[in-house]
Amino acid sequence: MPRPVVSDGSTAASLEARFQRLFGTPGQIFRAPGRVNLIGEHTDYNDGFVMPAAIGFYTWIAVSRRDDRGLQVYSEQFDETAELSLDGLAGPPRKHWSDFVRGVAAVLQAHGCPLTGANLVVDGQVPMGAGLSSSASLEVAIAMALLSVAHGALPPLELAKICQRAEHEYVGTRCGIMDQFVAVFGQDAHALMLDCRSLSYQALPIPSDVRLVICNSMVKHELAAGEYNRRRSDCEAGVRMLQEDQPSVRALRDVTLADLERNKNRLPELVYRRCHHVISEDDRVLSAADALRAGNLSRFGQLMNASHQSLRDDYEVSCRELDLLVALASGCAGVFGSRMTGGGFGGCTITLVRSDAAERFQAGIAESYQRETGIAPDVYVCSAMQGAVEWKKSAF
Ligand code: GLA
């Protein structure tokens, strides 16, 4: 079972050695984390609120400069090298892992950052397709690596936005800003309460006596990318219809539950439910932030449970296996609350568990889930970690 960072030093050292073997020169090392979202799902692209934390799974990259315009990118996970040219990056999604590299390099250049060729080794240790943002962590690590060898620099927020744009244009997912933002701005032992309209955030301390336990259902639904974009279109349709009543509405962020009820007859039932999820989820994130500030974890947990129900029934992005994991968690000792996390249609749940109960929870839920489904889940006991950095031995 993969574990969050065991020894950073040894990961960096073996990456350095592999890089040296492949390219014959030493490389600089960068890493960017995956994330888990505590609450606030499918709200980011509606200008709403989210509360993610970076976790101790990273995409690691070693990089050195080349004298030509080539990008030679070796992926450890795919055991494959992609050869790209900085002068030929345009084109639609190719459904290949190198789309992330191509996209980030292309958007950086379009943004006016002069790039140079580079040799890269990518070691992506964030579980893929699990809803823990392996994509954003790859994008952010690549952006930092390419900028560094070109002696360029960008404000961190610009960097996050460039990575988001790369995903829109070169991967084809119209994602919000949450994943890239937290990969850049994540803080040790804190969740980020992020306003996705103003992009201002507050780091909220996570009490040291709780753990973020992530249960990977090991299920991936192929539909996920198309369904994600469809949810986003449903929300946009809702906004257009609600604007007939309130022209000042720019996004679902601007609509209250009372506004929605008043306009219920204006909306098709499905669009109503999609909007109901988003608007009620924004309210839950605000309440959850208050609960965390007050140290009221029981309240926080109730809001997580309510979030799951809303994602399951109104937004319809859960699945049988995620519902089962949440139901199993609710019966376990030391659990405050549980919900699916990330885009949905498979992937992971997050459960807030008292630290002293975390190990028993880990073993217990793995056993029950396997008994019911025949699938052995991965269960990770995590804490909130720092965002992306250049790895320097002396600094850690
Ligand atoms: C994916 C997207 C995010 C966000 C979540 C759902 O992770 O990349 O922007 O929309 O789904 O909350």
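Residues numbered from 1 in each chain as written. Predicted model: local features only at pLDDT ≥ 70, side-chain atom pairs only at ≥ 80, totals over all residues. Heavy atoms only, no water.

1. Looking at the packing of aromatic side chains
To describe a pair of aromatic rings, you give the distance between the ring centres and the angle between the ring planes.
Right, on to step 1. If you walk through the whole model with that rule in mind, you get 9 aromatic pairs.
Right, on to step 2. When the ring of Phe19 is compared with that of Phe23, the centres are 5.0 Å apart and the planes differ by 50 degrees; the resulting orientation is tilted. Taken together, the positions of Phe19 and Phe23, both in helix α1 (residues 8–23) and 4 residues apart, correspond to about one turn of that helix.
Right, on to step 3. Taking the relative accessible area as the measure of exposure, Phe19 reaches 0% and is therefore buried.
Right, on to step 4. Considering the side-chain rings of Tyr58 and Trp60, the 6.1 Å spacing of their centres and the 70 degrees angle between planes classify their relative orientation as edge-to-face.
Right, on to step 5. Among the residues examined, Trp60 registers a relative accessible area of 0% and is labelled buried.
Right, on to step 6. Among the aromatic residues, those joined into a cluster by ring pairs are Tyr58, Trp60 and Trp391.
Right, on to step 7. Seen from the ring of Tyr58, Arg31 lies directly overhead, with NZ or CZ sitting 3.8 Å from the centre.
Right, on to step 8. Cation over ring: Lys264 sits above Tyr272, and NZ or CZ is 4.6 Å from the ring centre. (Phe/Tyr/Trp six-rings, centres within 6.5 Å; stacked < 30°, edge-to-face > 60°. Helix = DSSP H or I, 4+ residues; strand = E, 2+ residues; numbered from the N terminus. Buried < 20%, exposed > 50% of the residue type's maximum accessible area, 1.4 Å probe, protein only. Lys NZ or Arg CZ within 6 Å of the ring centre and 35° of its normal.)

2. A short note on the packing of helix α10 (residues 320–330) against helix α11 (residues 358–373)
Right, on to step 1. At a minimum axis separation of 10 Å, α10 and α11 run at an interaxial angle of 135 degrees. Our classification of the angle between α10 and α11 gives oblique. Considering how the two elements wind past one another, α10 and α11 form a crossing that is right-handed. Every residue of α11 that contacts α10 at Glu321, Leu324, Leu325, Leu328 and Ala329 is listed here: Phe361, Ile365, Ser368, Tyr369, Glu372 and Thr373. (Axes fitted to C-alpha atoms, helices over the stretch in contact; angles between N-to-C directions. Parallel < 35°, antiparallel > 145°, perpendicular 65-115°, else oblique. Left-handed = near helix turned anticlockwise from the far one by under 90°. Contact = heavy atoms within 4.5 Å.)

3. Comments concerning the pattern of salt bridges
Right, on to step 1. Within the structure shown, the criterion is met by 30 salt bridges.
Right, on to step 2. Note that Asp123 and Arg18 form a salt bridge whose closest N and O atoms lie 3.3 Å from each other. Here Arg18 lies in helix α1 and Asp123 lies in strand β6 (residues 118–124), a separation of 105 residues in the sequence.
Right, on to step 3. By relative accessible area, which is 7% here, Asp123 ends up buried.
Right, on to step 4. The salt bridge partner of Asp254 is Arg197, with a shortest N-O separation of 2.6 Å. Residue Asp254 is found in the loop between α6 (224–243) and α7 (257–262), and its partner Arg197 is found in the loop between β7 (190–195) and β8 (201–205); the two are separated by 57 residues along the sequence.
Right, on to step 5. Beyond isolated ion pairs, a larger network of salt bridges with shared partners links Asp234, Glu269, Arg273, Arg274 and Glu316. (Salt bridge = Lys/Arg side-chain N within 4 Å of Asp/Glu carboxyl O.)

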